[in-house]
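Below are the chains, spelled out letter by letter.
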Amino acid sequence: MTTNQQTSKKKKRNKRDRPLEDMSLMDHAEELRRRIFVVLAFFIAALIGGFFLAVPVISFLQQAPQAVDMPFHAFRLTDPLRVYVNFAMIMALILIIPVILYQLWSFISPGLKENEQKATLAYIPISFLLLLAGISFSYFILIPFVMSFMSDMATRLEISEMYGINEYFSFLFQLTIPFGFLFQLPVIVMFLTRLGIVTPAFLSKIRKYAYFVLLIIAGLITPPELMSHLLVTFPMLILYEISIAISRATYRKYNKTTLEKENKEG
């Protein structure tokens with residue numbers, strides 16, 4: 001390797017390692033562009049994998065207990081292709097969530113203290129696990145109940161069920177994906193509390209407004225039916241209360257650490 005190449009690499013490394021206050025607006029834009037390119041590269045790789053995994057995953061979901069006796073139809077010529085591409089893209093996005101979070105952390109980490117960098121980095125695997133937990137809860141608990149209710153309703157009304165495969169999987173995505181992101185609430189609250197943006201007292205004070213917002217969200221992602229709405233709302237309210245408890249614990253720990261640091265410095 002030539003001296004010029006070594007010097008160029010060293011400059012690039014030093015540029016990335018510079019403190020936040022020493023970086024210009026163009027440096028921030030260049031760093032953001034680099035992070036976006038990394039995410040796009042991982043997305044393309046994951047999308048290629050998604051195209052290979054889409055067919056077996058779709059077949060597996062069609063054989064699930066809640067769908068095995070359901071007749072699927074394609075009402076439009078493009079429905080099979082639409083389902084295939086949507087599955088590949090959604091699986092790719094889920095797979096690269098840790099990459100997106102890490103690149104976001106890397107972009108904002110120069111503005112954080114060393115202990116804050118370590119603490120926030122630990123949120124990435126927790127966030128990904130909560131995403132999977134939300135999707136699993138929706139698929140294994142919520143969706144079978146909703147589908148059973150809808151099927152019973154069709155039987156009572158003497159309606160012959162005939163479902164399009166595109167409509168079925170769109171319904172599946174409508175419930176599972178939002179729930180995966182709603183399960184991020186505890187880790188988001190923990191992160192914001194750690195940065196001092198929110199406090200447990202503030203979260204308790206706005207509880208009734210938060211409940212109202214969660215009720216609206218539940219109404220948007222569930223069918224217009226009371227039991228499904230309640231089945232979604234109650235876990236969301238519990239998540240909010242868990243978030244307050246986590247915020248309270250994080251707030252106490254942060255204040256204790258800050259006080260101990262001030263005593264040492266004093």
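Chemist: Quick one: what's the story with the nonpolar core, residue by residue and with numbers?
Modeler: Membership of the largest hydrophobic core comes to 36 residues, with the highest contact counts inside it found for Phe 87, Tyr 168, Phe 169, Leu 172, Phe 179 and Val 232. Only helix 2 (25–62), helix 3 (79–95), helix 6 (123–156), helix 7 (165–182), helix 10 (207–221) and helix 11 (226–265) provide two or more residues apiece to this core. Counting residues per element, this core draws most heavily on helix 7, which supplies 8 residues. Leave out the neighbours within four places in its chain, and Phe 169 touches Ile 58, Leu 61, Gln 62, Val 83 and Phe 87.

Chemist: Just give me the short version of helix 6, but keep the residues and values in it.
Modeler: Compared with an ideal rise of 1.5 Å per residue, which puts 34 residues at 50 Å, helix 6 spans 48 Å between its outermost C-alpha atoms and is within 8% of the ideal. Within helix 6, the axis deviates most sharply at Leu 142, by approximately 40 degrees, and proline Pro 144 lies no more than four positions further along. Glu 158 sits one or two positions beyond helix 6 and adopts a positive phi of about 55 degrees.

Chemist: Residue-level account of the packing of aromatic side chains, with values.
Modeler: Summed over all chains, the structure comprises 10 aromatic pairs. Arranged with centres 5.1 Å apart and planes meeting at 85 degrees, the rings of Phe 87 and Phe 169 form a pair that is edge-to-face. Of the two residues, Phe 87 is situated in helix 3 and Phe 169 in helix 7; the sequence distance between them amounts to 82 residues. Judged by centre distance (5.8 Å) and plane angle (45 degrees), the rings of Phe 179 and Phe 183 are tilted.

Chemist: Just give me the short version of the confidence of the model for the chain, but keep the residues and values in it.
Modeler: This prediction gives the chain a mean pLDDT of 79; 83% of its residues lie at or above 70. Predicted confidence in the chain is weakest over helix 1 (residues 3–17), with a mean pLDDT of 47, and strongest over helix 3, with 90.

Chemist: Could you give an account of the side chain of Thr 193, with specific residues and numbers?
Modeler: Within the secondary structure, Thr 193 sits in helix 8 (residues 185–194). For Thr 193, a relative accessible area of 2% translates into the label buried. A polar atom in the side chain of Thr 193 sits 2.7 Å from the backbone oxygen of Val 189. For Thr 193, the side chain forms a polar contact with the side chain of Ser 247, separated by 2.8 Å.

Chemist: Can you explain the environment of Arg 76? Please cite residues and give values.
Modeler: With respect to the helices, strands and loops of the structure, Arg 76 is situated in the loop between strand 1 (72–73) and helix 3. Contacts of Arg 76, omitting those with residues within four sequence positions, involve Arg 82, Asn 166 and Glu 167.

Chemist: How would you summarise the layout of surface pockets if you had to cite specific residues and measurements?
Modeler: Any space left empty among the atoms is revealed by the rolling of a water-sized probe across them. What the largest pocket holds in volume is close to 480 Å³. Around the largest pocket, the lining comprises 18 residues; the ones closest to its centre are Val 57, Phe 87, Met 91, Ile 94 and Ile 135. Secondary-structure elements contributing two or more residues to the lining of the largest pocket are helix 2, helix 3, helix 6 and helix 7. Residues that form the lining of the largest pocket fall into these classes: 16 nonpolar, 2 polar and no charged.

Chemist: Which residues make up helix 8, and what values do they have?
Modeler: Of all the positions in helix 8, only Pro 186, Val 187, Val 189, Met 190, Thr 193 and Arg 194 are classed as buried. For helix 8, the arc enclosing every buried residue in end-on projection is 160 degrees, short of the 170-degree limit, so these residues lie on one face.

Chemist: Tell me about the pattern of salt bridges, residues and numbers included.
Modeler: Tallied over the entire structure, the rule returns 2 salt bridges. Taking the shortest distance from any N to any O, the salt bridge between Arg 76 and Asp 79 comes out at 3.3 Å. Taking the relative accessible area as the measure of exposure, Arg 76 reaches 41% and is therefore partly exposed. Between Glu 241 and Arg 207 there is a salt bridge, and its shortest N-O distance comes to 2.8 Å.

Chemist: Tell me what's going on with the packing of helix 7 against helix 10, and back it up with residues and numbers.
Modeler: Where helix 7 contacts helix 10, the two axes come as close as 10 Å, and the packing angle between them is 155 degrees. If you check the angle between helix 7 and helix 10, you find them roughly antiparallel. Each of Gln 174, Leu 175, Pro 178, Phe 179 and Leu 182 in helix 7 lies in contact with helix 10, whose residues at this interface are Ile 217, Leu 220 and Ile 221.

Rules and cut-offs
- Residues numbered from 1 in each chain as written.
- Predicted model: local features only at pLDDT ≥ 70, side-chain atom pairs only at ≥ 80, totals over all residues.
- Heavy atoms only, no water.
- Core = buried A, V, L, I, M, F, W, Y, C linked by side-chain atoms within 4.5 Å.
- Buried < 20%, exposed > 50% of the residue type's maximum accessible area, 1.4 Å probe, protein only.
- Helix = DSSP H or I, 4+ residues; strand = E, 2+ residues; numbered from the N terminus.
- Contact = heavy atoms within 4.5 Å.
- Expected span 1.5 Å × (residues − 1).
- Bend = angle between axes of the 7 residues up to and from the residue.
- Phe/Tyr/Trp six-rings, centres within 6.5 Å; stacked < 30°, edge-to-face > 60°.
- pLDDT = per-residue confidence, 0-100.
- Polar contact = N/O pair within 3.5 Å; in protein donor to acceptor, adjacent residues only side chain to side chain.
- 1 Å grid on protein atoms, 1.4 Å probe; cavity = no way out; pocket = protein on both sides within 12 Å on 5 of 7 lines; lining within 4 Å.
- Points joined across faces, edges and corners; volume = space filled by probe spheres on them.
- Nonpolar A, V, L, I, M, F, W, Y, C, P; charged D, E, K, R; others polar.
- Arc of directions from axis to C-beta.
- Salt bridge = Lys/Arg side-chain N within 4 Å of Asp/Glu carboxyl O.
- Axes fitted to C-alpha atoms, helices over the stretch in contact; angles between N-to-C directions.
- Parallel < 35°, antiparallel > 145°, perpendicular 65-115°, else oblique.

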